[in-house]
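Residue-level structural notes
Letter by letter, the chains look like this.
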Amino acid sequence: MLPYRVLTYLVTLPIFLVSLTIHEYAHAWVAYRFGDDTARRMGRLTLNPLAHISLFGTIILPLLAHFGWAKPIPVDFSILTKRQIFKVAAAGPAANMLLAVILTIAFHLFRLPPEGLGNFVLLAILFNIILAVFNLIPIPPLDGSKMVYARLKSPEAISTYNKFARFGMLVLIGFLLFGGFQIIVLPVAALFYTLLGLPLPSLTIKDQKADNKLVSAACLGGAPRRVEKAETSWCRNPHGGTIVNIVTALIVLGLVGLGIWWVIKSLGQAGQQYSEALVDAKYSAITIKCQTNLRVIWQNLQMYATSNEGFPPSLDALEEWSGSSQLFQCPAPDGQKYVFIPGQSPDMSPENILVFEPKPAHNGKCSVLRLGGQIELLTPEELKKSVDVTVAKLRQAFGGNR
Ligand SMILES: [Zn+2]
């Protein structure tokens, strides 16, 4: 007779293979739908379990721990939007939940007994729920961490995540060693399982010890105890029934959710401020460059005026005279060519606008060079007013011919 553990392993291996394959296939399929064919090119867009198994996670680990994982699906984050990354990461757990629901419907529909084939289906449902919940833990490299990553907006938060991701595996092992699986994953999975109205499966063939473990984990607060084969409902213990489980699991779920929300929020806020400062710094660097341009243009204008007894007739003429066209365009990404108001002479009002940029490229303001040599930042409204005043003065000076 084979030892019960090996027997259990042989019975549950198909469940591991199918559930893990569907999980990984869902990641690959959604990524492929979003235009990332990395997984397809590596032969992972398939329901063939052989493409997804990992020797340790899928074959060895289940023998030791009744649990396992498959090879992660390679995803090219660089060609996906954040929203798409979120959906690709969520696809795996969602597929397992869907499979659990479909199997539950089948279990109820065909009125399967909780033994034999029925027990096999119950085990498959339970494993899929546990797999989904486990993968939703926001610790790298689990799917939940990628979903959190996809919600991060600022460079600061993303760099914090990347630092954390490097130690993710260590954190995950620590989490499991300190009972994270029993304290968080199993109760949350038990909540979903309970909500589906299913009887508890016998985890193994004649493995009473493992049954006890499962029951004590699922029935929070209840002492580990033996379950009779005939007993098919959850947690008939003196401390409370299913309601206690649901309430406890809800509280745990709520606390976990609150923790995740808090981490995202505080990371997000710090990042927001950081990115705003970064944008400000970038803006002022461009503004300084733009105003340096205008300063050089003003010097060129003065030199032109000295040798030609007046300002150039057009910006083109000044550009030709300066021998540089780069100087006459705002260096901001959306910066435009400067506009020159010709027909003025150096002795006119220093308040007149001489050169300005037509589009506000500096935090909603335009760089402006006045005839007196002052360089300023004006809002489009202020600029329009000043240009109108300048043009009006020019009309006056030239008898309304302009
Ligand atoms: Zn996954």
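Rules and cut-offs
Residues numbered from 1 in each chain as written. Predicted model: local features only at pLDDT ≥ 70, side-chain atom pairs only at ≥ 80, totals over all residues. Core = buried A, V, L, I, M, F, W, Y, C linked by C-beta atoms within 7 Å. Buried ≥ 20, exposed ≤ 12 C-beta atoms within 10 Å, placed from the backbone. Helix = DSSP H or I, 4+ residues; strand = E, 2+ residues; numbered from the N terminus. Contact = placed C-beta atoms within 7 Å. Pairing = 2+ DSSP bridges. pLDDT = per-residue confidence, 0-100. Axes fitted to C-alpha atoms, helices over the stretch in contact; angles between N-to-C directions. Parallel < 35°, antiparallel > 145°, perpendicular 65-115°, else oblique. Left-handed = near helix turned anticlockwise from the far one by under 90°. Nonpolar A, V, L, I, M, F, W, Y, C, P; charged D, E, K, R; others polar.

Take the nonpolar core next. Grouped together as the largest cluster of nonpolar side chains are 49 residues, with contacts concentrated most on Ile125, Leu126, Ile129, Ile130, Val133 and Ala189. For this core, the secondary structure elements donating two or more residues are α1 (4–33), α4 (82–109), α5 (117–135), α6 (143–151) and α9 (180–195). Of all the elements, α5 adds the most residues to this core, at 13 residues. Non-local contacts of Ile125, meaning those with residues more than four positions away in its chain, are made with Ala100, Leu103, Thr104 and Leu198. Formed by 22 residues, the second largest nonpolar core is a distinct cluster that contains Phe311, Val355, Val368 and Leu383.

Taken in spatial order, the 4 strands of this open sheet run β1-β2-β3-β4, and their pairing is antiparallel. Lying at the two open borders of the sheet, with one neighbouring strand each, are β1 (339–340) and β4 (375–378). As judged from the 4 bridges shared by strand β3 (residues 366–370) and β4, these two strands associate in the antiparallel manner. Of the residues in β4, the one forming a bridge with Ser367 is Leu377.

A cis geometry characterises the amide bond from Pro140 onward to Pro141, with omega recorded as 5 degrees. By secondary structure assignment, the location of Pro141 is in the loop between α5 and α6. Residue Arg111 is not a glycine yet carries a positive backbone phi of 45 degrees. When you line up the elements, Arg111 lands in the loop between α4 and α5. A residue is classified by how many C-beta atoms lie within 10 Å of it, and Arg111, with 7 of them, is exposed. Positive phi outside glycine occurs at Glu309, with the angle close to 50 degrees. Position of Glu309 relative to the elements: it lies in the loop between α11 (242–308) and α12 (315–322).

With that out of the way, let us pick up the confidence of the model for the protein chain. Low-confidence regions, as indicated by low pLDDT, have predicted coordinates that should not be scrutinised in detail. In the predicted model, the protein chain carries a mean pLDDT of 78, and the fraction of residues at 70 or more is 79%. The element-level mean pLDDT for the protein chain is lowest in helix α10 (residues 208–218), coming to 45, with α4 highest at 93. This stretch, residues 204–241, has a pLDDT under 50; its non-local contacts, to residues over four places away or in other chains, come to 61 contacts.

Remark: α4 packs on α5, axes separated minimally by 8 Å, with the N-to-C direction vectors making an angle of 155 degrees. When the axes of α4 and α5 are compared, the pair comes out roughly antiparallel. As α4 runs across α5, the sense of the crossing is left-handed. In this structure, α4 contributes Gly92, Pro93, Asn96, Met97, Leu99, Ala100, Leu103, Thr104, Ala106 and Phe107 to the contact, and α5 contributes Gly118, Val121, Leu122, Ala124, Ile125, Asn128, Ile129, Leu131, Ala132 and Asn135. Residues of the contact of α4 with α5, tallied by class, amount to 14 nonpolar, 6 polar and no charged.

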